[in-house]
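Results of the structural survey
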Amino acid sequence: MAAEPLKPAVFPVRMEVDAMVPGALGGFPGVAAPFKLSVSATTLTFAPKCCGIACCGQPYTVSLSQVKLSKMVSVPYTAPGMVIQVEQERHVALGLKLWMDGGSKSLEECFDTIEAMRKLVIGQVLIAGSMEMSAAPSARAITYYPRDATRRIYELQTKLTTAKVDEMAKLGLGDDGGAVILTRKTFGVEMVQEKPTADGGSEVCSVFCQAVIEPAIFLHTTTAAGPGGRPVFKIVIPGAAQTDVSNLRVEVPADVILAAPYEDVKNEGSVDYKPLSKGRLAAKSAAASVSAAGRYIKRSISTKGSNAAPPARAASLRTSGRASLPSFKES
């Protein structure tokens, strides 16, 4: 079964369009037309509204590949807004001046969403994190890694792809975050995070790392019997023979995308970097200090035993000795 298309993020905005010529962007007018802005993975669509409801006016659609610049703007004595610069081949560049009712928090969320989609249009970004093993597979159970740890995990994962079976690598996370342990298996690289617990034991979280071109990750999971017979969840390595496999698609929040590194380092700097909020971090990397605000986009789709798109997944389990994931036979 094919995965459903991701729903666009929708924001109520007020907009004015100006040609990018000297004096055209001197400030925001007191009154401008209201629109419903839909932000998808490739376009910005402005649907006109009349008296707060959609009207019969023709929507204005802008390809994100034509957005050359977007910036927040603070004009004295007016509400904060943003300016989006649109360049269309031989035409004079346009300046879309936007602002919103609802305060700066709503505006920043809209701005971050646009910037995150622009970032993905430019190139693939790396998303890595862990998921609690004892929790049911969902977006709520995922915690993301900071950009430095993500980059290093990706490099080790790539290196081990061509290594001998059972070869291992270890990445220390620092600040009691434990370490990520990568092991080359027959059909891929298995990754887990081991963290020390207060009782002297260890907590194990299954780890994923993917290069994405859309704001979503695809996680394949399976279940096993854990301590006391409780079900636990484990990453499924693509290609390994498994039973009872579930496929989960999780939409990646905009702030996570903005904090993520590009797969191709040449793309770095194309979109402004925004640090990841502490609430999202699986561990604070010893090489990175991270703080900022962010919000979850709580949309996920689960299809059991389907043929949805690929890779990884995670989870967490507490044991009194050295932590270990339930073993699965590969063939």
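Residues numbered from 1 in each chain as written. Predicted model: local features only at pLDDT ≥ 70, side-chain atom pairs only at ≥ 80, totals over all residues. Heavy atoms only, no water.

1. Description of the overall build of the chain
The test is simple: Only DSSP runs of H or I covering at least 4 residues are called helices, and only runs of E covering at least 2 are called strands; the numbering of each starts at the N terminus. Note on classification: 1.4 Å probe, protein chains only; a residue is buried when its accessible area is under 20% of the maximum for its type, exposed when over 50%, partly exposed between these limits. Accessible surface is estimated by sampling points in the Shrake-Rupley manner with a 1.4 Å probe; for residues, cover comes only from the protein chains shown.
For the chain, the count of helices and strands is three helices and 19 strands. Taking all 331 residues of the chain together, 48% fall into the buried category. Here the chain displays about 16,100 Å² of accessible surface, and carbon together with sulfur accounts for 53% of that area.

2. Focus on the nonpolar core
Convention followed: In this text, buried Ala, Val, Leu, Ile, Met, Phe, Trp, Tyr and Cys residues form a nonpolar core when linked through side-chain atoms within 4.5 Å. Any pair of residues with heavy atoms lying within 4.5 Å of one another is described as a contacting pair.
L37, L44, F46, I84, I127 and I217 are the most contacted members of the largest nonpolar core, which totals 48 residues. It is helix α1 (residues 104-122) that contributes the most residues to this core, seven residues altogether. Dropping the residues within four chain positions of it, I217 is found in contact with I127, I142, F208, Q210, V212, L248, R249, V250 and V252. Listed in part, the 18 residues of the second largest apolar core include A128, Y145, A169 and M191.

3. A closer look at helix α2 (residues 147-160)
Residue pairs three or four apart in sequence face the same way in an α-helix, which turns once every 3.6 residues. Applied cut-off: What a helix should span is 1.5 Å times the count of its residues minus one.
In this model, α2 (14 residues) spans 20 Å end to end at C-alpha, consistent with the 20 Å of a helix rising 1.5 Å per residue. Each element contacted by the buried residues of α2 is listed here: β9 (125-131), β11 (168-172), β12 (179-185), β13 (188-196), β14 (202-212) and α3 (254-259).

4. So, the side chain of K119
What counts is decided by this rule: A positive count includes Lys and Arg, and a negative count includes Asp and Glu. His and the chain ends are not counted in either. For this analysis, a salt bridge means a side-chain nitrogen from Lys or Arg found within 4 Å of a carboxyl oxygen belonging to Asp or Glu.
Within the fold, K119 resides in helix α1. Buried and unpaired, K119 has no salt bridge, with E268 as the nearest side chain of opposite charge at 5.4 Å. Excluding its chain neighbours within four sequence positions, the residues that come into contact with K119 are V125, I257, L258, A259, A260, Y262 and V271.

5. Overview of the pattern of salt bridges
Applying the stated rule across the entire model yields 10 salt bridges. Linking E268 and R151 is a salt bridge whose minimum nitrogen-to-oxygen distance equals 3.7 Å. Residue E268 is located in the loop between α3 and β18 (300-304), and its partner R151 is located in helix α2; the two are separated by 117 residues in the primary sequence. You can call E268 partly exposed: its relative accessible area is 31%. Of the residues examined, R151 reaches a relative accessible area of 16% and is grouped as buried. Salt bridges linked by common partners bring E108, D112 and K274 together as one network.

6. As for the environment of G177
With respect to the secondary-structure elements, G177 resides in the loop between β11 and β12. For G177, a relative accessible area of 4% corresponds to the buried category.

7. Description of the packing of aromatic side chains
Applied cut-off: The rule is short: rings of Phe, Tyr and Trp, with Trp giving its six-membered ring, pair when the centres are within 6.5 Å, and they are stacked under 30 degrees, edge-to-face over 60, tilted in between.
Evaluation of the coordinates by the stated rule reveals two aromatic pairs. Relative to Y60, the ring of F46 lies with its centre 6.1 Å away and its plane at 25°, an arrangement referred to as stacked. Separated by 14 residues along the polypeptide, F46 in strand β3 (residues 43-50) and Y60 in strand β5 (residues 60-63) bring together distant segments of the chain. Here Y60 falls in the partly exposed class, since its relative accessible area comes to 25%. Within the aromatic cluster, the residues linked to one another by ring pairs are F35, F46 and Y60.

8. Focus on the pairing of β12
Spelled out, the test is: The rule for pairing is simple: two strands pair if DSSP sees at least two bridges between them.
Most of β12 is tucked away, with six of its seven residues classed as buried. Sheet topology note: the β11/β12 ladder contains five bridges and is antiparallel. From the neighbouring strand, L171 faces β12, where its bridge partner is V180. Direction of pairing for β12 relative to β13: antiparallel, over a ladder of seven bridges. Bridge assignment links T183 to a residue of β13, and that residue is E190. Taken together, β12 and the strand that follows it, β13, pair antiparallel across an intervening segment of two residues.

9. Section: the environment of E109
Considering the arrangement of structural elements, one finds E109 in helix α1. Distance from E109 to A254, taken between C-alpha atoms, is 8.3 Å for residues 145 residues apart in sequence.

10. A few points about unusual backbone geometry
For D166, which is not a glycine, the phi torsion comes out positive at approximately 80°. Note on D166: relative accessible area 53%, which makes it exposed.

11. Points about α1
Compared with the 27 Å implied by 1.5 Å per residue over 19 residues, the 27 Å span of α1 between its first and last C-alpha is a close match. L107, C110, F111, D112, T113, I114, E115, A116, M117, R118, K119 and L120 are the residues of α1 that are buried.

12. Overview of the confidence of the model for the chain
Formally: You can read pLDDT as the predictor saying how much it trusts each residue, on a scale of 0 to 100.
Residues with a pLDDT of 70 or more make up 74% of the chain, whose mean pLDDT is 77. Ranking the elements of the chain by mean pLDDT puts strand β19 (residues 315-319) last with 37 and α2 first with 95. Taken as a whole, residues 25-30 scores under 50 in pLDDT and shows 19 contacts with residues more than four places along the chain or in a different chain. Segment residues 283-331 is flagged for pLDDT under 50; beyond a separation of four residues in sequence, or across chains, it makes 182 contacts in the model.

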